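# Fold and contact review
Residues per chain are reported as follows:
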Amino acid sequence: MEGRTKSLKGHRIAAIVGTSAMCFAAWILFTWSTDPKELITGAVVAIVVGCFTGRMLVKDNAFYFFNPIHFFVLIYYWFVVLFSEIVKANWDVAKRVFKRDMGVNPGVIRVPTKRNTYYGLAFLANAITLTPGTITMATAESCGENGEEEVWLYIHWLDVKTTDREAAGEMIKGRLEKWIGRI
Amino acid sequence: MSLALRIVIDVCIFVGAFFALAGTIGVIRMPDTYCRMQASTCIATMGVIGVAIGTLLYAICVEKNAAMAVKIGVVMAFVLFTNPISGHALCKGAYRRGLRPKRPMVIDDFKEDDPYDE
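To start, this report covers the structure provided alongside it.

Definitions and cut-offs
- Residues numbered from 1 in each chain as written.
- Chains lettered and ligands numbered in written order.
- Predicted model: local features only at pLDDT ≥ 70, side-chain atom pairs only at ≥ 80, totals over all residues.
- Heavy atoms only, no water.
- Helix = DSSP H or I, 4+ residues; strand = E, 2+ residues; numbered from the N terminus.
- Buried < 20%, exposed > 50% of the residue type's maximum accessible area, 1.4 Å probe, protein only.
- Contact = heavy atoms within 4.5 Å.
- Areas by Shrake-Rupley, 256 points an atom, 1.4 Å probe, with all protein chains shown as cover.
- Buried area = accessible area lost by both parts, 1.4 Å probe.
- Salt bridge = Lys/Arg side-chain N within 4 Å of Asp/Glu carboxyl O.
- Polar contact = N/O pair within 3.5 Å; in protein donor to acceptor, adjacent residues only side chain to side chain.
- Nonpolar A, V, L, I, M, F, W, Y, C, P; charged D, E, K, R; others polar.
- Patch = residues over 30% accessible without salt bridge, like charges linked within 9 Å, V, L, I, M, F, W, Y side chains within 5 Å.
- Expected span 1.5 Å × (residues − 1).
- Bend = angle between axes of the 7 residues up to and from the residue.
- Axes fitted to C-alpha atoms, helices over the stretch in contact; angles between N-to-C directions.
- Parallel < 35°, antiparallel > 145°, perpendicular 65-115°, else oblique.
- Left-handed = near helix turned anticlockwise from the far one by under 90°.

## What to know about the overall build of chain B
Looking only at helices and strands, chain B has four helices and zero strands in total. Counting helices and strands in the order they occur from the N terminus, chain B gives α-α-α-α. For chain B, the residues scored as buried account for 36% of the 118 residues in total. Within chain B, contacts between residues at least 6 apart in sequence are counted, and of these 61% link residues at least 24 apart. Within the structure as shown, chain B displays about 6600 Å² of accessible surface, and the carbon and sulfur contribution to it stands at 68%.

Given below as structure tokens:
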């Protein structure tokens, strides 16, 4: 019991420190000056913000993104993988818009996804919504036949090419899910 | 400012403006609410990214103003973070309100097992 409260306390402090450090980095980026007055104000504000919001934001490991590998995978995912997907999908939708018969074939399809953390699920749903042509409407969890948990995404798809759920999932999620799993 | 830089900046802003135009035309031409939302995503992603990259280059290379560059980057990040959230909410809200397209959808799993239908 003692150890548990202690680890809980340590977790809370780690959450505060992690959030404060992120806030301070953002402050430095915003002000872009090394004037000591600015830095001290920033540190005070960052610590206050960290105290209030740390336990809401951090669920698992507070220092997850301080590991450079995770951080660079995140950056790579944003600027290369997600960006290229967005460009491709945008081009596709723009072409459709200017065609005479737009060739839209809309439908709502349910695709399976792997059980992830809540942040991972939110990341995936947001990435799917960001690529034009697909919008995530909802997520749902259900119990599979063997009792394991299943997570479903309900996706509105502009041009339904296949009604097979697994194949549709592959086509929509493609590289995105793989990379999010890696972060 | 060198000419090449100028051209790159202009091309970025032009690409952003083009996709915003395409998205707007899509909003008008698409047949139903959900498809219109799909087209409007075009504006919020490629339109914003294109214009923001153009202005970002301008801020870094011409103005040489780092704070301005960071603010542009943050504007871009916030638009990209908040757009999907409103997208989910609008789409689900429209569906649950009973809005259905005139032409039936190809597949509609959401109706079959509406997870929020108590």
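## What to know about the interface of chain A and chain B
With 43 residues of chain A at the contact, the number on the chain B side is 44 residues. Each partner contributes to the roughly 3900 Å² buried at the junction of chain A and chain B, and carbon and sulfur atoms together form 72% of this total. Joining chain A to chain B, the criterion identifies zero salt bridges. One can count four residue pairs in polar contact (both at pLDDT 80 or more) joining chain A with chain B. Within the residue set of the side of chain A that touches chain B, elements represented by two or more residues are helix 1 (2-31), helix 3 (68-98), strand 1 (107-113), helix 4 (118-130), strand 2 (134-143) and strand 3 (149-157) of chain A. It is helix 3 of chain A that provides the largest number of residues to the side of chain A that touches chain B, a total of ten residues. Residue classes in the side of chain A that touches chain B are distributed as 28 nonpolar, eleven polar and four charged.

## Considerations on the side chain of Asn83(B)
Structurally, Asn83(B) is set in helix 3 (residues 66-96). Look at Asn83(B) and you get buried, because its relative accessible area is 15%. Those residues in contact with Asn83(B) that sit more than four places away from it in its chain are Leu130(A), Thr41(B), Ala44(B) and Thr45(B).

## Observations regarding a nonpolar patch on the surface
Nonpolar side chains collect at one region of the surface, where Ile40(A), Val44(A), Val48(A) and Phe52(A) lie side by side and expose about 410 Å² of accessible area between them. According to the relative accessible area criterion, Ile40(A) is exposed, its value standing at 57%.

## Describing helix 3 of chain A
Look at helix 3 of chain A: 44 Å from first C-alpha to last across 31 residues, which is about the 45 Å you get at 1.5 Å a residue. Considering bend angle alone, the principal kink of helix 3 of chain A is centred on Tyr77(A) and spans about 35 degrees.

## What about the packing of helix 1 (residues 3-29) of chain B against helix 2 (residues 33-63) of chain B?
Residue and element names in this part refer to chain B. Look at helix 1 against helix 2: their axes get within 7 Å of each other, and the N-to-C directions meet at 165 degrees. The orientation of helix 1 with respect to helix 2, classified from their angle, is roughly antiparallel. Crossing of helix 1 against helix 2: the hand is left-handed. Among the residues making up the contact of helix 1 with helix 2, the classes are represented as 21 nonpolar, eight polar and one charged.

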